[in-house]
Amino acid sequence: MRPFRDIPIKKKLTIAILATMLTGLLLAGTGIVVADSVLFRRYLQNDLAALANITADNSTGAFSFDDAQAAGGTLAALKARTHVMAACLYRQDNTILARYTRPGESPECPAASGQNEVRRSAAGLDVSQPVILRGRRIGEVALRYDLGEIGERARLFGAMVFGVLLVSSLLAFLLSSRLRAIIAAPALPLVQAITAASRTRDYSIRVQKRSGDEFGALADAFNEMLAGIQGPDGDLRKALVDREVALKDAENARDFLETTVASIGDAVISTDTAGRVIFANPVAQQLMGWPQSELSGRPLDEAFRIINELTRAEVESPTSIVLREGAISGKAKHTILIARDGAEIPIDHSGAPILDAEGKIRGAVLVFRDVTERRRAEQSMHLLASIVESSDDAIVGHDLSGLFTSWNKGAERIFGYSSEEAIGRPTSLISSPERGDEMPGVLERIGKGERIEQYQAVRRTKSGAAIDVAITISPLYDDLGRIVGASKIARNITEQVRAADRLARLNSALRHSNESLARSNEDLERFAFVASHDLQEPLRMITVYSQLLVQAYPDTQNGDVGAFINYIVGGTKRMRELLADLLAYSEIRADAEEPRTPIDLESVMQKATQNLKAAIDESGALITHDPLPVVSAYEGHFVSVFQNLIGNAIKYRSALPPRIHISVQESNGSMRFAVVDNGMGIASEHREKIFAPFKRLHGKDIPGTGIGLAICQRVVERCGGRIWVESEVGRGSTFVFTLPVTSLSKQGDLNDTNSCG
Amino acid sequence: MIRILVVEDNPGDIHLLKMALQIAKLECELTVVDDGREALDFARRQGKYASTPIPDLVVLDLNVPKNDGLEVLEALRANDAFSEVPIAVLSSSSSPRDIAKAKRIGVERFIAKPPDLEEYMKIGAELRHLVMVEQPLRTSSGG
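Source: prediction; values computed, not measured.

S.K.: Help me understand the overall build of chain B, please; the structure alone is not making it clear to me.
M.R.: Secondary structure summary: chain B contains five helices and five strands in total. Overall, chain B shows an N-to-C arrangement of helices and strands of β-α-β-α-β-α-β-α-β-α. Burial statistics for chain B: of 143 residues in total, 50% are counted as buried. Long-range pairs, those at least 24 residues apart, make up 69% of the contacts in chain B with a sequence separation of at least 6. Accessible surface for chain B amounts to roughly 6800 Å². Of this, 48% is attributable to carbon and sulfur atoms.

S.K.: It is not clear to me how the sheet that holds strand 13 (residues 394–399) of chain A should be interpreted in this structure. Could you clarify?
M.R.: Remark on secondary structure: sheet strands pair via backbone hydrogen bonds, oriented parallel or antiparallel. Residues and elements named next belong to chain A. Within the open sheet, the five strands sit side by side as 14-13-17-16-15. Their pairing is antiparallel. In the strand order of this sheet, the two ends are held by strand 14 (404–407) and strand 15 (452–460), each with one partner. Neighbour to neighbour, the strand axes of the sheet diverge by 30° on average, direction disregarded. Strand direction decides the pairing type here: strand 13 and strand 17 (residues 483–492), joined by six bridges, are antiparallel. Residue pairing in the sheet places Gly397 in a bridge with Ser487 of strand 17.

S.K.: Just to check I follow, could you spell out the packing of helix 18 (residues 601–611) of chain A against helix 20 (residues 635–651) of chain A for this structure?
M.R.: A pair of packed helices is characterised by two quantities: the angle between their axes and the separation of those axes. All names here are of chain A. At a minimum axis separation of 8 Å, helix 18 and helix 20 run at an interaxial angle of 55°. In this view, helix 18 runs oblique relative to helix 20, as classed from their interaxial angle. You can see that helix 18 and helix 20 cross each other, and the crossing is right-handed. Contact residues: Leu601, Ser603, Val604, Met605, Lys607, Ala608 and Asn611 in helix 18; Glu635, Phe638, Val639, Phe642, Gln643 and Ile646 in helix 20. Here the residues of the contact of helix 18 with helix 20 sort into eight nonpolar, three polar and two charged.

S.K.: How should the confidence of the model for chain A be read in this particular structure?
M.R.: Note that predicted coordinates carrying low pLDDT should not be read in detail. All names here are of chain A. Taken as a whole, chain A shows an average pLDDT of 82; of its residues, 94% reach a score of 70 or greater. Ranking the elements of chain A by mean pLDDT puts helix 15 (residues 439–447) last, at 74, and strand 19 (residues 622–625) first, at 92. Contacts from residues 745–755, a stretch scored under 50 in pLDDT, to residues over four places away or in other chains number 21 contacts.

S.K.: What should I look at first to understand the nonpolar core in this one?
M.R.: As a rule of thumb, soluble globular proteins bury nonpolar side chains together. All names here are of chain A. Of all hydrophobic cores here, the largest spans 43 residues; its most connected members are Leu601, Phe638, Phe642, Phe735 and Phe737. For this core, the element with the most residues is helix 20, which contributes eight residues. Leave out the neighbours within four places in its chain, and Leu601 touches Leu628, Pro629, Val630, Val631, Phe638, Phe642 and Phe673. The next biggest cluster of nonpolar side chains, apart from the first, holds 26 residues, and it includes Ala56, Ala98, Tyr100 and Ile150.

S.K.: Please clarify how helix 11 (residues 318–325) of chain A should be interpreted in this entry.
M.R.: Helical periodicity: at 3.6 residues per turn, an α-helix aligns residues three or four positions apart in one direction. Residues and elements named next belong to chain A. Among the residues of helix 11, Pro318, Thr319, Ser320 and Val322 are the ones counted as buried. Among the structural elements, strand 6 (267–271), helix 10 (300–303), strand 8 (305–308), strand 11 (344–355) and strand 12 (361–370) are those in contact with the buried residues of helix 11. Taken from the residues just after helix 11, Gly326 is the one with a positive phi, measuring 70°.

S.K.: Whenever I open this one, unusual backbone geometry confuses me. Can you help?
M.R.: Residues and elements named next belong to chain A. A positive phi angle is found at Arg312, which is not glycine, with a value near 60°. Relative to the elements of secondary structure, Arg312 occurs in the loop between strand 8 and strand 9 (314–315). For Arg312, a relative accessible area of 46% translates into the label partly exposed. A positive phi is found at Asn668, a non-glycine position, where the angle reads about 50°. With respect to the secondary-structure elements, Asn668 resides in the loop between strand 21 (659–667) and strand 22 (670–676).

S.K.: When you look at the interface of chain B and chain A in this model, what are you seeing that I'm missing?
M.R.: Often, the extent of an interface is quoted as the loss of accessible area on bringing the components together. Contacts between the two partners involve 17 residues from chain B and, on the opposite side, 17 residues from chain A. At the boundary of chain B with chain A, total buried surface from both sides reaches about 1500 Å², with 55% on carbon and sulfur atoms. Its largest share of buried area at the contact with chain A, chain B owes to B:Arg97, B:Pro115 and B:Leu117, together 43% of the area lost on that side. Linking chain B with chain A are one salt bridge.

S.K.: Help me understand a nonpolar patch on the surface, please; the structure alone is not making it clear to me.
M.R.: Residue and element names in this part refer to chain A. Taken together, the side chains of Phe162, Leu166, Val167 and Leu171 present a nonpolar region at the surface, about 440 Å² in accessible area. Residue placement: Phe162 occurs in helix 4 (residues 148–183). A relative accessible area of 55% places Phe162 in the exposed class.

S.K.: Sorry if this is basic, but what is going on with the sheet that holds strand 9 of chain A here?
M.R.: Residues and elements named next belong to chain A. If you walk across this open sheet you meet the seven strands as 7-6-12-11-10-8-9, and the pairing is antiparallel. The outermost strands of the open sheet, each flanked by one partner alone, are strand 7 (277–280) and strand 9. One ladder, built from nine bridges, connects strand 11 with strand 12; its direction is antiparallel. Looking at strand 12, one finds that Ile347 is bridged to Asp370. Lying over the sheet, helix 11 contacts strand 6, strand 8, strand 11 and strand 12, oriented at roughly 150° with respect to strand 12.

Rules used throughout
- Residues numbered from 1 in each chain as written.
- Chains lettered and ligands numbered in written order.
- Predicted model: local features only at pLDDT ≥ 70, side-chain atom pairs only at ≥ 80, totals over all residues.
- Heavy atoms only, no water.
- Helix = DSSP H or I, 4+ residues; strand = E, 2+ residues; numbered from the N terminus.
- Buried < 20%, exposed > 50% of the residue type's maximum accessible area, 1.4 Å probe, protein only.
- Contact = heavy atoms within 4.5 Å.
- Areas by Shrake-Rupley, 256 points an atom, 1.4 Å probe, with all protein chains shown as cover.
- Pairing = 2+ DSSP bridges.
- Axes fitted to C-alpha atoms, helices over the stretch in contact; angles between N-to-C directions.
- Parallel < 35°, antiparallel > 145°, perpendicular 65-115°, else oblique.
- Left-handed = near helix turned anticlockwise from the far one by under 90°.
- Nonpolar A, V, L, I, M, F, W, Y, C, P; charged D, E, K, R; others polar.
- pLDDT = per-residue confidence, 0-100.
- Core = buried A, V, L, I, M, F, W, Y, C linked by side-chain atoms within 4.5 Å.
- Buried area = accessible area lost by both parts, 1.4 Å probe.
- Salt bridge = Lys/Arg side-chain N within 4 Å of Asp/Glu carboxyl O.
- Patch = residues over 30% accessible without salt bridge, like charges linked within 9 Å, V, L, I, M, F, W, Y side chains within 5 Å.

Given below as structure tokens:
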């Protein structure tokens, strides 16, 4: 509860008015009620006396005749007075003539007193009135009256006073509100002006005078006071105020700088002139591993230990240099900070003196930063650069206008221009004058971000020589991903191109001579075929007619003529054999047109031994063989292969009975057949020759034309195989031939096999 | 009398063939045609052979001038008039290819001219057997 003096005027007014009015009204009301109750009591006593008197008068008759009924009727009239509790008419002898009680109640009548009086009793007012007839008392009326009416009246008056109070309070409240407008409102501008003047120290403020009353006087007085302050004294005050403001600004600025230094990404440390730390920002604390609390006042050199990255020698702290020399300490390169925990952090750092207004050194500031990332990037860049530099290929870059921007040692070696000569020059510097410059098209494609893989071009070196190069061009992007040029990797392939040209020429020549060789081979074979075939005819004529001649002239048989004719027959026979063999040999090719069929070498073997039956029987040869496969070929050819090889083994036998075995092995995708004998063997110098057509090592003692092995070789080679002999004189021979597995036939896969035979 | 068409250009062989037929005692009348073109005319029964009687046997050398003997063989086989005439090829070639080709077209005999007189003379008996024994059997059984 606020003390009364602090309550606003408005409320004070309201309270004063209400209090005054209520006091008045209460006093007035109380007076009225008290007066009324006194007056009413007096009036009531008179009234009741009168009522008793009247009742007594009216009941004289009833008493005279002792008529209780009439007396009762008289008393019943009292019913109109509701506060009459009971009434009795007493006879002379104090017996009751009639009685009345308020309906619903049964109070006692007051006793007859014989007096004419109004008495206060516990129940109310008791009234006694003698009944007088002609001066003689004949009875008595006794009434009892309750005092409720007095209370009723008091309550009525109380309600009236309360109502008046309520209405008056309302009126007083409304009145006080109006009064506030009249009294408090003029004070408000004055209050505002005073507040403003005290806050802003602006003493030029004046209050407008609005009334001639006390507020008006107050406004005048206030204005005068301000005028007084504003005088010469006022300037001093203003200066004081300004200084305060300036101080505030300086504080703000310092806060701002502190915040800035604290939030800067670089480490910042300031020291006093003795090199002791005054301030270290969070980055500095974190990099060095020292908290500010431990740094403050500590010589910086204790916390900031730096070494040279290469020599690992201690480096003097930049603040020491700054404080000694009074000048800015420039950036040192390759410096490593040894943090408190021994970690090594590559840093860049610089120091500067802190100078006051007179230029006196007040301390030093050290700024440094962690350059680990940058150092790493630099290292990988150096590595890449040295890879590029040491490459044998020319690696050059140019911008989008076609001017060289980089030029490595490889380019210098290949094109002869040094990087100083080439960089900044157009790419046409090395383009071939005959071929022109394809760069415009290339630049367009590079501009679209295309990569151009390995195309061949001709370039001109510094000495004017044309060289062949293989070039790959890729777009070069800047760090924003824009295409800013192209990198070219060029390899000198002049030698390769020359070699390739030479190779192509040689190949072409080889192909050409192969073709002509094949053609002449073909011609030769056709010639051999036709010759051997057509020569048979006249030879047959000679043979047959020679025989006919002998038959026709039997006499000449034993003479010279007969002998001559026998020579003719013998010669033609030998020639026929030779021609037949030649024909068989040349037909191996001609027969290639025959459809090949799967042939079982087992049956081929049987046919061959059948054909050789006479020789086998005669020599007592023993022939064995491994299980033989099925091949896709021309049967007749393989019969001659087996027949020739076995026949040779028998023909060129040693003193022992021939033992011949044919083995089969599969290895490396080919079947290897070996015909092993225990014959006389072949001297190493003859092993190649024996496969040539008509080449024989023996005279007429062993018959033969020398075509057999040539046929074998031809058949085997036509199947994609090889044939050779492994032998030693006196230890038998092994004729080996191979057939590719593709020429081997299983049931139903003929289509996969090569035609041969 | 057996009528035989002989397509052969070598007089030596014609002589030997006549000897062989004589030895075999086959009474015959030979019509000798010595080049391929005439042989074709004969086969097609045109030109001067338009009215020549159909022979009982053809002896054909495959190696004749102008047109190939195989061509003649095809023409003979193509002509219904020769459908019941046996054909014996008497060739200097014994190459399996020629034999296969001739047999594919259809011949009754393929005889390689033997380089031996005795063998040659046996051809007469063979031809006689073909025309006197085999052919009547075939025609009678065939209808």
